[in-house]
Amino acid sequence: MLVYADHAATSPLCKEAFHAMQPWLTANGYGNASAMYKIALDAKCRLEDARAAVARALSVLPEEVYFTSGGTESDNWALKGAMELGELRGNRRHLITTAVEHPAVLRVAEWLAKRGCELTVLPVDTLGRVSPEQVAAAVRKDTALVSLIYANNEIGTILPIGDIFAAVKAKDPAVLCHTDAVQAVGHIPVSFSGVDLLTFSGHKFGGPKGTGALYIRKGIPFPAFMHGGGHERGRRSGTENIAGIAGLAAALQAAADNMERHMADTAALRDRLTAGVLAIPYCRMTGDTACRLPGHASFVFDAVEGETIVLGLDIEGVSASSGSACSSGTLDPSHVLLAIGLPHETAHGSLRLTIDASTGAEGVDYIISKLTSVVASRRAMSPLWDDTAGKPVERF
Amino acid sequence: MYTDKVMEHFSSPRNVGEVEDANAVGTVGNPKCGDIMKMTMRISDDVITDVKFKTFGCGAAVATSSIATELVKGKSIKDALAVTNTAVVEALEGLPPAKIHCSVLAEEAIKAAIADYYKRRGIDPTPIVGCDADCPACHSRHAPD
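The numbering scheme is per chain: residues are counted from 1 as the chain's sequence reads. Lettering for chains starts from A, numbering for ligands starts from 1, and both go in the order in which the items are written. Totals for whole chains, interfaces and linings use every residue, but because this is a predicted model, local features are given only for residues with pLDDT of at least 70 and side-chain atom pairs only at 80 or more, for both listing and counting. Values reported for side chains reflect all heavy atoms of the structure, with hydrogen atoms and water molecules removed beforehand.

### What about the overall build of chain A?
Counted only if it meets this: Secondary structure elements follow DSSP: runs of H or I of four or more residues count as helices, runs of E of two or more count as strands, with numbering from the N terminus. The globule rule used for comparison is 2.2 Å times the number of residues to the exponent 0.38, while the radius of gyration itself is calculated over C-alpha atoms. Three exposure classes are used, based on accessible area relative to the maximum for each residue type with a 1.4 Å probe and protein chains only: buried under 20%, partly exposed in between, and exposed over 50%. Throughout, a contact is declared for two residues whenever any of their heavy atoms are within 4.5 Å. Methods summary: accessible areas were calculated by the Shrake-Rupley approach with a probe of 1.4 Å, and residue burial reflects only the protein chains presented. A positive count includes Lys and Arg, and a negative count includes Asp and Glu. His and the chain ends are not counted in either. Positions of charges follow a simple convention, taking NZ of Lys, CZ of Arg, CG of Asp or CD of Glu.
Helices and strands together make up the secondary structure of chain A, namely 13 helices and 14 strands. Scaling as 2.2 N^0.38, a compact globule of 396 residues should have a C-alpha radius of gyration of about 21 Å, and chain A matches this with 22 Å. The principal-axis extents of the C-alpha atoms in chain A amount to approximately 75 × 55 × 35 Å. Residues classed as buried in chain A amount to 59% of the 396 residues present. Sequence separation of at least 24 residues holds for 69% of the intrachain contacts in chain A that already meet a minimum separation of 6. Only carbon and sulfur atoms are counted for the fraction: they give 56% of the accessible area of chain A, which is about 15600 Å². The distance from the centre of the 36 positive side-chain charges to the centre of the 42 negative ones in chain A is 5 Å.

Here's what the structure looks like:
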């Protein structure tokens, strides 16, 4: 049996996306949307149809949607563009973000800090949250941008983005508010209240890889990112990936149409999964249990290392991921797990299981059964585990 | 990312556990960095007659410990001390660059166990074993902060 439990990493292409893409990968679907002849105009129409569908699914305006190559590009554009605009608007060089962002935000923020921006990285509580008061208090006269992750990719916590951005705008309406909503869009209803910039990625909700978008609120003179032939209304040049964009739009539309049912089904399965996993001794959940992505379950296990669990599960046909040091190629475990206050030794034992409705009860039960045996067998090999007593060694 | 040999040793590790009448015990690594190896040996007449390991760590840490026990089992102390991290990597048909430290840990675990054997007999292991991976420099190397 094969059970894919890494939907937060990427999702399989949905049938709606596949069917929407196919005509643009075959026959006369190759036209360059900037040209003047029939097949080019067809491509241009398809592009704008896709933009309209995306706008409809998100309840925003079509002219607020800018297609990109994905989440990383959109995050890069949002941060670099906002800081460029901040400087033009009167020496605003301050950027606020959190310690639990995706690297596509954190690495860019650090890069900007090396080039003269002032960076505030807000700490989070044990569930991975920042409060509206905390973020507003960090806003200064020279703050250009606040960038917060909508829903955390490692621990599933959803932030009250609307409340936080309202508090920021109440303090200074000129501060731009960006959210990396890569894990949220297509999975939960996303509020654009107070949002100036929003990142999302196609392959997280059944669309193709290499596709994404940046939402830019109408009226913001936001700078271009890719300079060239003037595509995407002069802000993001590059011949449009019509097949990819059509796939993204179809997947998002399907996700929006089925969201309520899909969320309920997925959350029920996730709760079944969580209950089963928490029956394993010396294991606890990470992230917010209430305000949480429906398909997201994340844990830490005492006395067993995360990569070992992931490899052990893979042998049994279960695909999962871990924020252990070993999966990052450094000696440090995930920055998110350290930021929520886990000690290094605990953070090394992390596991993330992200499912969707297609996982089914059978898939969930299979994961629980295999995970239980993998953890037990690997603990039996661990010097940190007392197999006779069935608990971690008192003191190592 | 791992060779078939690494995955074979990860899936079916050899010599797991603790030697009951061990007279040489070496523990290296640090829970903070996510790798700990504990190697227990029975040494008689300068020959490692039995060896077992327990490891907390990634797939490479498990595989390097497992193959290290195979490389030293039945060997003389002299031959066991000649097992380098490079030999461990070669026996596993390669390790990703980020995992080379696991092979170093395996070499250190062997040395730490043998050093313990000498210490128990009141013999200073340093001239024989060299670094026993139990000095402040070693510990700081394994602790990232």
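### Topic: the nonpolar core
One recurring pattern in soluble globular proteins is that nonpolar side chains are buried together. Put simply, the test is: Residues belong to a common nonpolar core when they are buried Ala, Val, Leu, Ile, Met, Phe, Trp, Tyr or Cys residues joined through side-chain atoms within 4.5 Å.
Grouped together as the largest cluster of nonpolar side chains are 66 residues, with contacts concentrated most on Val54, Phe67, Val185, Leu198 and Phe200 of chain A. With nine residues, helix H7 (residues 242-257) of chain A is the largest single contributor of residues to this core. If we ignore the near neighbours within four places in the chain, the residues touching Val185 of chain A are Leu58, Val190, Leu198, Phe200, Phe205 and Leu252 of chain A. Membership of the second largest hydrophobic core comes to 41 residues, among which are Ala24, Val51, Ala68 and Ile110 of chain B.

### What to know about the sheet that holds strand E3 (residues 47-56) of chain B
Residue and element names in this part refer to chain B. Heads up, the rule is: When DSSP finds at least two bridges between two strands, those strands are taken to pair. Only the stretch in contact is used when a helix axis is fitted, and all axes are lines through C-alpha atoms; the angle between N-to-C directions ranges over 0 to 180 degrees.
Spatial ordering of the open sheet is given by E1-E2-E3, a layout of three strands whose pairing is antiparallel. Of all strands in the sheet, those with a lone pairing partner are strand E1 (24-30) and E3, marking the two edges. Between one strand and the next, the sheet's axes are offset by a mean angle of 15°, whatever the strand orientation. With seven bridges joining them, E1 and strand E2 (residues 35-44) adopt antiparallel strand pairing. Counted as the bridge partner of Ala24 is Met41 from E2.

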